[in-house]
Structures are given as C-alpha cells and as structure tokens.
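A look at the structure
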Amino acid sequence: MRVLARVEAALLNQTGHLFQWSPVCLAIGIALYFSLRLEPGWHFYGALLGVIAVGAWAVRHWRSVWVSLAIGGMLVAAGFVLAGVRAHSVAEPVLGWRYYGPIEGRVVAIDRSASDALRLTLDQVRLNDVPEDLRPQRVRLSLHGTDVSVSPGQRIMTTGLLSPPQGPVEPGGFDFRRHAWFQGLGAVGYTRVPVLTASAANETGLRITAWRMVISNHVRTKLPGEVGGFAAAVTTGDRSGMGQETLTTLRASNLAHLLAISGLHMGLLTGFVFFACRIALSALPVISLRWPVRKLAAVCALLAAVIYLMLSGGNVATERAFIMASVMLVAVLIDRRAISLRAVAVAALIVLCLRPETLLSPGFKMSFAATTALVAVFGELRDYGPLPGPKWFKPVIGLLLSSAIAGLATAPIGAAHFNSLSHYGLLANMLSVPVMGTVVVPSAVVAALLAPFGLEGVALGVMGLGLEWILTVSDWVSGLDGAQSHVVSPPFHVLPMFALGALWLALWLGSARWIGGVVVLAAFLLWGQGDRPEVLVAESGGLVGVMTDKGRAVSKRKASGFVATVWLENDGDGVDQIQSADRWPQGSDLVQRHLWRGKELIHITGKRAARAFDECAEHQIIISAVSMELPGNCQIFDPQRLSKIGSLALHGNTFRTSRDEIGNRLWSPIEDKDHKFDQ
C-alpha cells in the first residue's frame, strides 16, 4: 500500500503536466504494432477497441488521480489500432517476381538515387502480361543511361527490370520493404535503354507538382551549378540538381539537415513572415488601432506555411514541420503560449495520428528530439532569468546554446541511423544557420513576392550568395582532420531506452526526473556491448562478408555495392568495398573460401563456377549466387533458398535470418511455411 500511495502522490505532483505524455503513450502503442512478428487478426483489434471503450467509461465515471493511467493505457491501445488501420489502408499490389519487359506509366516524382542516377516514380503503370490485380499501382525506376528531360504528368515508356522491394540487407536492419509499403511502391528497378514519351504531360492531379518543377528549373536557370541545385532543394524540395559529392560534404559537416524542408526551414519562414507582417501592420495606424496585429501576422504566417507546404512537395518531413508551425501559430490566435511542451505534444499527436509509420523514421525522432530538448531547456533557463552578458551578445549566446542543445539531443539518433558523427558540426552550424535565417530564407520570400513582376533576379542572387557561403563552410569543415568518425550500429533496444530516458528527463517534474538520466547513461553503456555478426550473407547470394581482425572482409570488389556499403557502415568501418575486399584471403575470381569456427565458408559466383563445383562436405557452408544442387551433407544457401529466408547472419552458433526477424507481416507475408532451416 505504501508503494501505491507514493505512486499516487507522484501523479498528483504532475497535475497539469501529464498531457505531454500523450504522444509518448500513443507512440508506445505504434511501436508495439511494428515490433510484432505476426500480423494481428481483426479479433485482436476488436479486443483493443473494447479496452478503449472500458477506459473511456472509467475516465468518465472515475474521479481519481489513477484515471491518468487509464488514459495512458487507452492511448497505447489507440496507437496500436491506428498503426494497424494505417497499414491496411495503404495496401496495394506488390510485384511477386522479377520482371523484365515493357514498362509504361505516368511520372509523378523525380529525384536521384544514392548512385546519383535520375530516378522516376510512376503511377498508372502498365506491364506486359501482368494482370491488373497483380500489377503495382506505383513503381520507381532508376535511369542508368543518360539523363532525360521529363516532367510530372508526362507518360513515358521504356524497357527495364523490376523486382519486389527488397528486405533488410542484414537481419534486424532497415526494412525497405516496409518503407515501400507505406509509400505505395509495388516494385523498384532500373532501365539502361532510352526513355520514350508515350503522351504529353497531363497535369490532372499533378498541377502543384508541375509548378514545383517549373519553379525548380527556373531557380536553377538563374543560379546554375550546385548553388542552383541547393536553392531548388530548399525552395521546392527538388534535389535532382545536386551532385553526390556536395551531399557527402554536407553530411560530413552535419549540414545535411539544411537540405530537408523540415522544422528549421518552416520555422525560419513563418518566423520571418510573422515578424515582417507584424512590423508592417503596426506601422499602419488604420490597422494597428482597430485590429489585433499579432493575430493578423499569425494568419499571414500560416498562409505562407500552407504555400510552402504545397510548393515543397508535401513530403513527410515537410508535413511534420507544417503541423508543428501551425500548432504554434494557432496558439497565438487563441491567446495561448506558442512555444511550450504542450504545443509540441499536440503537434506530435497530430503527426502520429495521420502517419503512424513516421515514428520509425529518423526524421521524426530527430525533429521532435531537438524541439522537445530546446523547449524544455529554455523553459528551465527562463525560470533563472535572462541570459547573462551584454544585450548585443545575447543572440550569439542563444544561437550557441540552441545549436549545442539540438546537437546533443539529435546526435545519438543520427549516429544510430547513419553510423557517423560530425565532430565539427556545431562549428558548421554556427557559421551556416544564421546565414540561412538572415539571408537565404528572407531572400527566397522576397523573390517569391517579386516573381510575378519578373524582378526576382536580384533576390535570388542574394540567396545564391548565402547558399554559396554555406557550401564553402561545408567544404572547409568536412575537410578538417577528424571531421567525421564512424559509429557501430547499436542493439535494437538502445534507441528506445535512450528515447524513454530522455523524455523522462525532459517531461517529469521533481527530483525523480534524474532517473531518466540514469536510463540514458545505461543505454549508452549497452550500445558499446553490442556485437556485430561474424558472417553476413546477402539475400541474393551475391555477396558474403566475414569479420576479421582488420574488420569485415567482403567476397567481391564490385557488384552488390549498396549491400557492402550498409554492412560496413553498420560495422562503424570507414573503408569502401574495394578496401574491404582486399582483406579477404586470396581465392579465385569465382570461388572464395574462408575458415570460420571449424567450418569452411565457400562463396560461388557465376554459372560456370557452379557447374564445375562438386564439393559438399559436412563442414562446408556454401553460398551461391546461382541455384545449386549437390549431393552431400553441406549446407547450401542459393538464391532459391535465400529468397525464402532473406539475408543471413551467423554469429557463434546462432543463425539469424531477416525472415525470422520480420515474421509474417502485411508488407512481408510468408507464402512458404517451411522456410526455416536446420542449423
């Protein structure tokens, strides 16, 4: 009873501050849905709805501090249901085999792949001899020939290779198949032949996308080169004009967030419009004496945010930023504090209700981590009075604190997802973010206002100077010694521990909040305890990676480059595929061998090598890029078998497959129940 009394007293002390925990509870339910390895049936959702109904009855009739726990349980159940409903609502056909042949479709999006190839997303797809009920509604096609000039709404046709979205490159890794499911992508592939126009651009339903591309092309015409590509990225979200080298330097200097139209851009834009309109309206007595200038400025800023959302393509990051900005502006309209943890909680609730799957994205985690940390820390500092120092120096102190707080809050998340740390990121942001806020964003707004009169050239020129400065800073910082280090991927439970500990530290009132700090510290300690797999096998059978004293060695110098890159990044290893392949013991071009724990790993590539290979002893594990049948007691992992179990990891005496890690889910259904193998 004493324990219950203490819990009740603790909850009473949080009165008025428990709403901030609402998105946390909702997120727990969403996370539970995605952590399952078996798709729940509708009876399970019915039971959860019953729990929600009982909880709602208890909230209405139960007047006690314990009602907050009932609400928390309801939100957890609601998060689970929301995630399940969302997953079922976006269901579209997924290509079930490799397809080579004619491809026709309407261009709905244009971007670039990691290999810098122009990439088209098509809808209204037509494939040869593929029934309509099995035909993907949307596919993504990389152009591995020369770049072509296409526009949204244009119907194109070509001949290419399509395949189902691939699963994780290693068990427990990022599941692109799940990501593609929520994007509506039913197939991905490439073409090496010319792309032809089947019909002229039809902008029905794509008018805004077409406007975006027109604006992007116009900006790049006025500002050629990488500066123009950067300008198009921050104004319209079109990154197709930026090269991979520029993107690499921006990531190494921790300035890649300036490319994504997210909270920073939306905040700078709405903040500039709000204060500019407020100053302009206050200067007009006929308005300032009769109307609430502050609320009128908030309406103008909200309108600017809507326009920016439309022109930027409305991707998930921009939608999230728009919701956060809108919540704060609406708070101004209803005379509430615009910047508060309650406002952040409202924004998070809206985002999670609309797109529950964004909880898994690094953008959601980093955006709300930075915002929550900034609001919480500056809220604490506000209680201690104004910042120290002369008045002219306070903005510098504020910028330094903001960059440091946001960097500390997001660094663990970025390191876990992208396996790198930028050691001079604070310096780069200190030199770049003020220029973004005082030069780039205001110039973009002025250019947009002058564009109807054909006078945007001067404003775009000023914007280009600001972006050129940022690129110069990026090149300089990324070139410094030790600018970037590589980090091993943490075990799966580390990030949830870190998130819950940090949230407890930020949201809980009283001395018990320091429990959160202990949890955060424990998460970092567990990060260092994780072991990487000793052997990794790609789902295609085309690549094997073994851990050696010098780091991971891959079996091929070329091909399967994406898989090799991800493996090495997850190892926290900064070498490239060729350097990693040089670690492998000498072997023939088509047969590679490696001794591992008393067994012989043999990797075979090529049909000729497979036909000539006739070994199959009990101590051998054979991985082949082509189908094989051998008499004997060896274990064979060829494409036919790997297609059922997915990528493979061997660690000690444990065999893990991506299929076993994912289970039977909507985006990855198990068709062959006998997919498991004997170890």
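Residues numbered from 1 in each chain as written. Predicted model: local features only at pLDDT ≥ 70, side-chain atom pairs only at ≥ 80, totals over all residues. Heavy atoms only, no water.

1. With respect to the state of the cysteines
This is how the line gets drawn: When the sulfur atoms of two cysteines come within 2.5 Å, that pair is taken as a disulfide. Secondary structure elements follow DSSP: runs of H or I no shorter than four residues count as helices, runs of E no shorter than two count as strands, and numbering proceeds from the N terminus. The buried label applies to any residue whose accessible area, calculated with a 1.4 Å probe on protein chains only, is under 20% of its type's maximum; exposed applies above 50%, and partly exposed to all values in between.
Enumeration according to the criterion identifies one disulfide in this entry. Between the sulfur atoms of Cys616 and its disulfide partner Cys634 the distance amounts to 1.9 Å. The chirality of the disulfide connecting Cys616 with Cys634 is left-handed, given an S-S dihedral of about -90°. Residue Cys616 is found in the loop between helix 22 (607-612) and strand 14 (620-624), and its partner Cys634 is found in the loop between strand 14 and strand 15 (635-637); the two are separated by 18 residues along the sequence. The residues Cys616 and Cys634 share a single accessibility class, namely buried. Cys300 supplies the cysteine sulfur nearest to Cys277, a cysteine that is in no disulfide, at a spacing of 4.0 Å.

2. Considerations on helix 5 (residues 176-183)
Filter applied, for reference: By the convention used here, residues are in contact when the closest approach between their heavy atoms is within 4.5 Å. Within 3.5 Å is the distance limit for a polar contact, defined as a pair of N or O atoms, with the added protein rule that one can donate a hydrogen and the other accept it, and that residues adjacent in sequence qualify only through two side-chain atoms.
Among the eight residues of helix 5, six are classified as buried, and the element is accordingly described as predominantly covered. Check the buried side of helix 5 and you find it contacts helix 2 (22-35), helix 4 (67-89), strand 3 (138-143), strand 5 (187-191) and helix 24 (658-662). Put simply, Asp175 is the residue that caps the front of helix 5, since its side-chain oxygen is 3.1 Å from the backbone nitrogen of Arg177. Backbone geometry just after helix 5 places Gly184 at a positive phi near 80°.

3. Focus: the pairing of strand 10 (residues 544-548)
So the rule is basically this: At least two DSSP bridges between two strands are required for those strands to pair.
In this structure, strand 9 (residues 535-537) lies alongside strand 10, joined through three bridges in antiparallel fashion. If you follow Val535 over to strand 10, its bridge partner there is Val546. Count of turn residues in the strand 9/strand 10 antiparallel hairpin: six residues, of which Gly541 carries a positive phi of about 80°. Of the pairings in the sheet, the one linking strand 10 to strand 11 (residues 551-554) comprises four bridges and is antiparallel in character. Directly across from Val546, in strand 11, lies its bridge partner Ala553. Between the antiparallel neighbours strand 10 and strand 11 lie two residues.

4. Some points on the confidence of the model for the protein chain
Which entries qualify depends on this criterion: One number per residue, pLDDT, summarises how confident the predictor is, and it ranges from 0 to 100.
When the pLDDT values of the protein chain are averaged, the result is 86; 94% of them are 70 or greater. Here helix 1 (residues 2-13) is the element of the protein chain with the lowest mean pLDDT, 73, and helix 2 is the one with the highest, 95. A low-confidence stretch, residues 672-679 stays under pLDDT 50, and its non-local contacts, those more than four residues away or across chains, total 21 contacts.

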